[in-house]
Every structure is written in C-alpha cells, then in structure tokens.
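So the chains spell out like this:
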Amino acid sequence: MLSRVSVLLTFAAAAAIGSTSVQAQDLLLGYLQAGAGPFATLSRTNDIAAQIAIDEINVRGGVGGKRVRLIAFDTAGKPDQAVIGLRKLAEDDKVLAVLGPFSSGECRVVFPAGERMGIVTMSMASSAPKLAEPFTFALRNTSDEGYLFSQLIKTLKDRKYDMATASVAYATDDVISKTMGEIVIPGMLKQGGVDMKLAVTFQTQAFDLSTQVAQLAAQQTDLVGVGAGPDSAIRLAQELRRQGHKGRLVGGSTIADSELAKRMGASGTGTLLPTTFFPDLNERTKAFNAEFVKRAKAAGIERTSASQFDASTYSIVMMYADVIREGKVSGDASQLAAERTSIRDGLRKLVDFPALEGPITFGKNGDALKPAYIVEIENEAFKLVGQHAAQK
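Heads up: these notes are all about the structure in this document. No experiment lies behind these values; they were computed from the predicted model shown. (Residues numbered from 1 in each chain as written. Predicted model: local features only at pLDDT ≥ 70, side-chain atom pairs only at ≥ 80, totals over all residues. Heavy atoms only, no water.)

Further remarks concern the nonpolar core. Core analysis: the biggest nonpolar cluster contains 108 residues, and Y320, I343 and L347 have the highest contact counts within it. By residue number, the principal contributor to this core is helix α12 (residues 308-326), which donates eleven residues. Among the nonpolar cores identified, the runner-up in size contains 14 residues, and F73, V83, L86 and I119 belong to it. (Core = buried A, V, L, I, M, F, W, Y, C linked by side-chain atoms within 4.5 Å. Buried < 20%, exposed > 50% of the residue type's maximum accessible area, 1.4 Å probe, protein only. Helix = DSSP H or I, 4+ residues; strand = E, 2+ residues; numbered from the N terminus.)

So, in structure tokens, the structure goes:
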C-alpha cells in the first residue's frame, strides 16, 4: 500500500503537470510597468488598456486557439530596474515579446538589452528622438516629439494664433523633458519663424516655480513652451496666471495626461498640445474609451478619458496578436528564439495596421508613423483643433 506521503506527492505531481499543461497553452507577453517616477500619472492605467485588448482577443478564442496572458514587472520608472525586469521576463518567464518600457530613460538601456536577448520591446510612450533607430528588436508605438511638435506649429499657423515670440521652461533631471526644452521646442519654434526670447529650468519635483515664472513674466511672450511631465506643467500654468503672464502654454506629448484640462482648471485655458489619440474621433474610439473609464472606476481610479498612452498600449497588444497569428507562432519554448524573430519581422512589415489611434506603419527608425491630433484646453476640456495624417 502506498504511504500517505507517497499519495500526496503523486497528486501534487499530477497537479503540477496539469498546471504546466494549462500554462503551455498560453501565449505569454511581458509588460514593463512604470508604477513610479516622473510619468507615473501617465503610466498607471496602461495595464487597464492592455487587459481590455487581451480580453477582446481571448473572448474571440485567443490566437490560434491559445489564450494570451500578460506577465508584468514594475520598474518603478527606473532604468536599472527596467533591465532587470526585461531579463526576468525574457529568460525566466520566456515571454514572446514585451510591452514597454514607458519612458525614454528606460528605453535607452532596455533597447540595447533587448537587442542582445533577441526579443521585441515596444514602448507606448518614449518619444526622445532616434532611441529605437540603432536596433532591430526595438520599436515605439509613438511618434517622435519633433514630428508631433511640428504638427502643433502647423495648427498654430492654420488658426492664426499669435506666435511671434516664445520662451521655454523645462525640467533638467529627466531625459525627455530636457530634450524637449533644449532641442525639440526651441528648434521647432525657430524653424517656424518664432523668435525665442529666454529659457528657464527647474527640477521635476520642484513645487515652487515662482522664481522661474518671475523671469518669464518680466519678458512676456506669445508662447511658453513646457518640457516636463503633466504635474510640473500644471504648477507652471497656475503660477504663470498668478503672476499675470498672458502667453499661451504649448507642450509635447509629455504633458498629454487625459485629465490635464480638468487638473489645470482655468489656468490651462488656451494650452495647446499634440496627441496621437482623440477619444471622440469615431465609434470605435468612443467604445474603447467608455470601457476604459468603466474599468478604471472599478479599480478606484477616476478618469474621464483614456490617454494616448493607454490607447497605444491597447494597440501594442493588438499588433502583437496580429503578427503572432500571421506567423503561426506556437509559444513552444523550443522555438522561442525563432518565434521572437518572427514577431519582429512581422511588425516591421506592417502597413497601415488598423490601430485604435488610426492606421499605423513603422518607419525604418522603429517609430510608428501615425496621425497627430492637436487639442486645445477650453472650459476645462480638450477641443480638437487640428488633425494631421501620418507622414510617410
């Protein structure tokens, strides 16, 4: 007769085999989530969008009869943790591809690491110029800030807004904020014929911006460019109005918080920014947005709308599913290297993929070529004032 211990071990082994068998039927995707850092406000709901996409895929039978499953690692917005997370997802969890990381600082170290490991990483937000260009496994479902800001300038001109002079205020302790303040905003405005008068700097965590704004107020300009995350942009806007500055605030997608208009209040009136997602664009975007808001509320997060980064995350999942289906990817561990390469090659060949944001094609530099929407804050809400097709 078998001992009680032997019987228990037999049942345990059978359960483990059964669990492994179930997991073997799943197609695993990794997710480098930024739960902290200067852009945590923008990244904290990306997982909701990813899960909406996964649920839509799985309710239709998955991909090739297999369910898609997401395995997350919280990088806390730190580049060193992002590399650790990538290694875990790629080597321990053996995922097929990775969503993220979020920030340009993280992408700077994750993209070369992903190239060495032979696994696709696709950021939903990084927009510092040319970060993905040197690599074949690195992609970004976002557009270069230079391109987006150039579309904002077109809209300024089309609408005949005052733009003879400008100043810029930016954070120096974050990669993309510094890039925006030192390169993108002044460079694009000068190309647009705008006279740049002055620049002021601050730290991301700075609460009191009165000294910087006093310099801006002493030399009033038509435009004030902001290179920072949304929290700093809100403090800047409020201080500008408190000190009587009348200039229009303009920024890049780094401030594209879906709640920015509401959070800025009256101080934000006239603020102009580019985004790659507008929730009221069509019936599909409206349906996604309604589901997103519902799920965010259930998670205890109040949102009036999904952001471009949420929409981008949703579309990354959908693009992965599409190329996995087309490439007949099995998820078999013995075929992992070849199937990861197949996913990369499939993504690189996508042309006008019907994404939530609009048709997407990847450029040779690894960035998504996608439409740009220019929005203006009016009555504490976003109004669409410009729409530009993807430039190929």
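On we go.
The next thing to look at is the layout of surface pockets. Within this model, the largest pocket holds a volume of roughly 340 Å³. Lining the largest pocket are 22 residues, with S258, P279, S305, A306 and F382 positioned closest to its centre. Among the secondary structure elements, those contributing two or more residues to the lining of the largest pocket are α10 (260-264), β10 (272-275) and β15 (381-388). The residue makeup of the lining of the largest pocket, split by class, is ten nonpolar, seven polar and five charged. (1 Å grid on protein atoms, 1.4 Å probe; cavity = no way out; pocket = protein on both sides within 12 Å on 5 of 7 lines; lining within 4 Å. Points joined across faces, edges and corners; volume = space filled by probe spheres on them. Nonpolar A, V, L, I, M, F, W, Y, C, P; charged D, E, K, R; others polar.)

A few words now on the pairing of strand β7 (residues 195-202). Within a regular strand, the side chains alternate between the two sheet faces. Across seven bridges, strand β6 (residues 165-171) lies against β7 in parallel orientation. The residue of β7 that forms the bridge with Y170 is T201. Handedness of the β6-helix α7 (residues 175-191)-β7 crossover: right-handed. (Pairing = 2+ DSSP bridges. Right-handed = clockwise from strand over helix to strand, strands pointing away.)

This next bit is on helix α4 (residues 79-92). End to end, α4 covers 19 Å across 14 residues, agreeing with the expected 20 Å (1.5 Å per residue, within 8%). For α4, the elements touching its buried residues are β1 (27-33), β2 (68-74), β3 (97-99), α5 (104-117), β4 (121-123) and α13 (336-348). Once α4 ends, the next one or two residues include K94, with phi positive near 55°. (Expected span 1.5 Å × (residues − 1). Contact = heavy atoms within 4.5 Å.)

So, about the side chain of S143. Relative to the assigned elements, S143 resides in the loop between β5 (138-140) and α6 (145-158). A distance of 3.2 Å separates the side chain of S143 from the backbone oxygen of A368, its partner in a polar contact. What S143 contacts, discounting residues up to four positions off in sequence, is S127, L148, T276, A368 and K370. (Polar contact = N/O pair within 3.5 Å; in protein donor to acceptor, adjacent residues only side chain to side chain.)

What follows concerns the sheet that holds strand β11 (residues 353-355). A sheet is described by the order of its strands in space; here three strands give the open sequence β11-β12-β13, paired in antiparallel fashion. Two strands lie at the open edges of the sheet, namely β11 and β13 (368-369), each paired on one side alone. As judged from the three bridges shared by β11 and strand β12 (residues 358-362), these two strands associate in the antiparallel manner. Following the sheet pairing, P354 is matched in β12 by P359.

In this structure, P101 follows G100 across a cis peptide bond, with omega equal to 10°. Here P101 lies in the loop between β3 and α5. Phi at D352 is positive, roughly 50°, even though this residue is not glycine. Counting through the fold element by element, D352 comes out in the loop between α13 and β11. Owing to a relative accessible area of 36%, D352 belongs among the partly exposed residues under this scheme.

One can find E339 in helix α13. Despite being buried, E339 has no salt bridge partner; K66 is the closest side chain of opposite charge, sitting 7.4 Å away. Leaving out residues up to four positions away in the same chain, E339 has contacts with L96, K328, V329, S330, G331 and D332. (Lys, Arg positive; Asp, Glu negative; His and termini not counted. Salt bridge = Lys/Arg side-chain N within 4 Å of Asp/Glu carboxyl O.)

The interhelical angle for the contact between α4 and α5, taken along N-to-C directions, is 30°, at an axis separation of 8 Å. Classed by the angle they form, the pair α4 and α5 counts as roughly parallel. The interaxial crossing formed by α4 with α5 has right-handed handedness. Two secondary-structure elements touch here, α4 through P79, A82, V83, L86, R87, A90 and E91 and α5 through G105, E106, V109, V110, A113, G114 and M117. Tallied by class, the residues present in the contact of α4 with α5 amount to nine nonpolar, two polar and three charged. (Axes fitted to C-alpha atoms, helices over the stretch in contact; angles between N-to-C directions. Parallel < 35°, antiparallel > 145°, perpendicular 65-115°, else oblique. Left-handed = near helix turned anticlockwise from the far one by under 90°.)

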